[in-house]
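Residues per chain, in single letters:
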Amino acid sequence: KAGVTQTPRYLIKTRGQQVTLSCSPISGHRSVSWYQQTPGQGLQFLFEYFSETQRNKGNFPGRFSGRQFSNSRSEMNVSTLELGDSALYLCASSFTQGEKLFFGSGTQLSVL
Amino acid sequence: EDQVTQSPEALRLQEGESSSLNCSYTVSGLRGLFWYRQDPGKGPEFLFTLYSAGEEKEKERLKATLTKKESFLHITAPKPEDSATYLCAVHPGEGSSNTGKLIFGQGTTLQVKP
C-alpha cells in the first residue's frame, strides 16, 4: 500500500513569488492535513480538508491556502513568499478526522 | 489554551541505558494522545495512540503510558537505531477551539551511542 506522496521534495523560491505544493494521500483516506515544521516553532497546523471541504484552519495568514480534489489529492499554495516561510511542509492523511496521521516526507521550501 | 510540553529537549544515552521521555499536556477534553518518531529529512512515523488514563501500549523496546496530565515514552535497552526525534501530540476534544487539530510538542531528540 503506497504511503503519502508529496511533490516536489525540494523547492527554492525568491521573496514575492508564489508556490504550490502537492500531496497524494493513502488510497482510501479522505482527510488531508498540512503542517509547517521549523526548528524554532516545531510542527504547526495549517489546515485540514475532508471530502473537499476545509474543516479546520490554523493561525496562518491568508497567503496560505489549500484545496482538496474529488480524488482526495490536495494542494497548498503560498502567495507572496516571505523569508520566514522557509520550512518543511508536511502533508498527512487519515481515513477520517481525529485518527492517527500518516505523514509524507515533506517538501523542503527555501525562500531566498 | 491547549498546550503540549516535552522534556528533555535532547537526550544522549549509551546503548542499553534505559530512560523515559516526558510529554505534559493541558487540553480541553483529551480525545487522544499520539507518539511519533521522526528521522532527519523524513516525516513523522506513527508509534502509538493512547486514549485514557492508565492505558499502556508497547512496541519492541518502546512503551507508552498515559496519566491525566502527562504521558511517558519508556525506552528499554535502546540501540543506536532508536536515535531520532520523538514527538508527542494531543487531539483536543469538545469545548476546545482546536478540536480536529493535532497539537504537537517540540519533540525530544534522542541520540543512542554504541
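Quick look at the structure, then. Throughout this description, residue numbers start from 1 for each chain and increase along the sequence as written. Key to labels: chains lettered from A, ligands numbered from 1, both in the order written. Owing to the predicted nature of the model, reporting of local features is limited to residues with pLDDT of at least 70; listing and counting of side-chain atom pairs is limited to 80 or more, with chain, interface and lining totals taken over all residues. The basis for every side-chain value is the complete set of heavy atoms in the structure, and neither hydrogens nor water enter the calculation.

## Description of the interface of chain A and chain B
When the parts of a complex come together, some accessible area is lost, and that lost area is often taken as the interface size. Contacts between chain A and chain B engage 21 residues on the former and 17 residues on the latter. Of the roughly 1400 Å² buried between chain A and chain B, counting both surfaces, carbon and sulfur atoms make up 53%. A simple way to read buried area is as the amount of 1.4 Å-probe accessible surface that goes missing from two parts once joined, with both sides added. Summed over the three residues of chain A that lose the most area to chain B, namely A:Leu43, A:Lys100 and A:Phe103, the buried surface amounts to 31% of that side. Polar contact is defined as a pair of N or O atoms within 3.5 Å, subject to the rule that within protein one atom must be able to donate a hydrogen and the other to accept it, and that residues adjacent in sequence are counted only when both atoms are side-chain atoms. The interface formed by chain A and chain B contains seven residue pairs in polar contact (both at pLDDT 80 or more). Contributions of two or more residues to the side of chain A that touches chain B are made by strand S4 (31-38), strand S5 (42-50), strand S6 (53-57) and strand S9 (87-94) of chain A. Segments assigned H or I by DSSP are reported as helices when at least four residues long, segments assigned E as strands when at least two residues long, and all are numbered from the N terminus. Top element by residues in the side of chain A that touches chain B is S5(A). It accounts for four residues. Here the side of chain A that touches chain B is built from residues that sort into seven nonpolar, nine polar and five charged. Contacts are residue-level and defined by heavy atoms, with any inter-residue pair within 4.5 Å sufficient. Think of it as three bins: nonpolar holds Ala, Val, Leu, Ile, Met, Phe, Trp, Tyr, Cys and Pro, charged holds Asp, Glu, Lys and Arg, and polar takes everything else, Gly as well.

## Regarding the packing of aromatic side chains
For any pair of aromatic rings, geometry is given as the distance between the ring centres together with the angle between the planes. Pairing of aromatic side chains requires ring centres within 6.5 Å, counting the rings of Phe and Tyr and the six-membered ring of Trp. Pairs whose planes differ by under 30 degrees are stacked, by over 60 edge-to-face, and all others tilted. Under the definition given, this model contains 10 aromatic pairs over all chains. Ring centres of A:Tyr35 and B:Phe104 lie 5.4 Å apart, and the angle between their planes is 85°; this geometry places the pair in the edge-to-face category. Of this pair, A:Tyr35 sits in strand S4 while B:Phe104 is found in strand S10 (residues 103-104), placing the two residues in two different chains. Grouping residues by exposure puts A:Tyr35 and B:Phe104 together as buried. Ring centres 5.8 Å apart and planes at 70° place the aromatic pair A:Phe47 and A:Tyr49 in the edge-to-face group. With respect to class, A:Phe47 is no different from A:Tyr49; both count as buried. Feature note: the residues A:Tyr35, A:Phe45, A:Phe103, B:Phe34, B:Tyr36, B:Phe46 and B:Phe104 constitute an aromatic cluster, connected by ring pairs. Relative accessibility under 20% of the residue-type maximum defines a buried residue, over 50% an exposed one, and the middle range a partly exposed one, all with a 1.4 Å probe and only protein chains included.

## With respect to the state of the cysteines
Covalently bonding the sulfur atom of one cysteine to the sulfur atom of another cysteine gives a disulfide. Residue and element names in this part refer to chain A. Two cysteine sulfurs form a disulfide in these notes if their separation is within 2.5 Å. Within the structure shown, the criterion is met by two disulfides over all chains. Disulfide pairing places Cys 23 opposite Cys 91 at an S-S distance of 1.8 Å. With the S-S bond torsion at -60°, the cross-link from Cys 23 to Cys 91 turns out left-handed. Here Cys 91 lies in strand S9 and Cys 23 lies in strand S3 (residues 19-24), a separation of 68 residues in the sequence. Under the relative-accessibility criterion, Cys 23 is labelled buried at 0%.

## A short note on the sheet that holds strand S7 (residues 62-66) of chain B
Residue and element names in this part refer to chain B. What makes two strands pair is DSSP finding at least two bridges between them. Across the sheet, which stays open at both edges, the five strands sit in the order S1-S3-S8-S7-S6 with antiparallel pairing between neighbours. Of all the strands in the sheet, just strand S1 (3-7) and strand S6 (56-59) have a single pairing partner and so form its edges. For this sheet, the mean inter-axis angle between neighbouring strands, taken without regard to orientation, is 15°. Think of each axis as a best-fit line through the C-alpha atoms, taken over the contacting stretch in the case of a helix, with angles from 0 to 180 degrees between the N-to-C directions.

## Points about the nonpolar core
Buried residues of nine kinds, namely Ala, Val, Leu, Ile, Met, Phe, Trp, Tyr and Cys, make up a nonpolar core once their side-chain atoms join them within 4.5 Å. Of all hydrophobic cores here, the largest spans 23 residues; its most connected members are B:Leu33, B:Trp35, B:Leu73 and B:Tyr86. Broken down by secondary-structure element, the contributors of at least two residues to this core are strand S2 (10-14), strand S3 (19-26), strand S4 (30-38), strand S5 (45-50), S7, strand S8 (70-75), strand S9 (84-92) and strand S11 (108-113) of chain B. Judged by nonpolar contacts, the second largest core, of 21 residues, contains A:Leu21, A:Ile26, A:Phe47 and A:Cys91.

## Some remarks on the environment of B:Ala77
All names here are of chain B. Among the structural elements, Ala 77 can be located in the loop between S8 and S9. Here Ala 77 falls in the partly exposed class, since its relative accessible area comes to 36%. Placed 38 residues apart in sequence, Ala 77 and Asp 39 show a C-alpha to C-alpha distance of 19 Å.

## Details of unusual backbone geometry
The step from A:Thr7 to A:Pro8 runs through a cis peptide bond, and the omega angle for that step is -10°. Counting through the fold element by element, A:Pro8 comes out in the loop between strand S1 (5-7) and strand S2 (10-13). In this chain, B:Ser7 is followed by B:Pro8 through a cis amide linkage whose omega measures -10°. Tracing the backbone through its elements, the reader meets B:Pro8 in the loop between S1 and S2. Located in the positive-phi region is A:Ser51, a residue other than glycine, with phi close to 50°. Here A:Ser51 shows up in the loop between S5 and S6. In this model, A:Glu52 sits at a positive phi of 70°, which is unusual for a non-glycine residue. With respect to the helices and strands, A:Glu52 occurs in the loop between S5 and S6.

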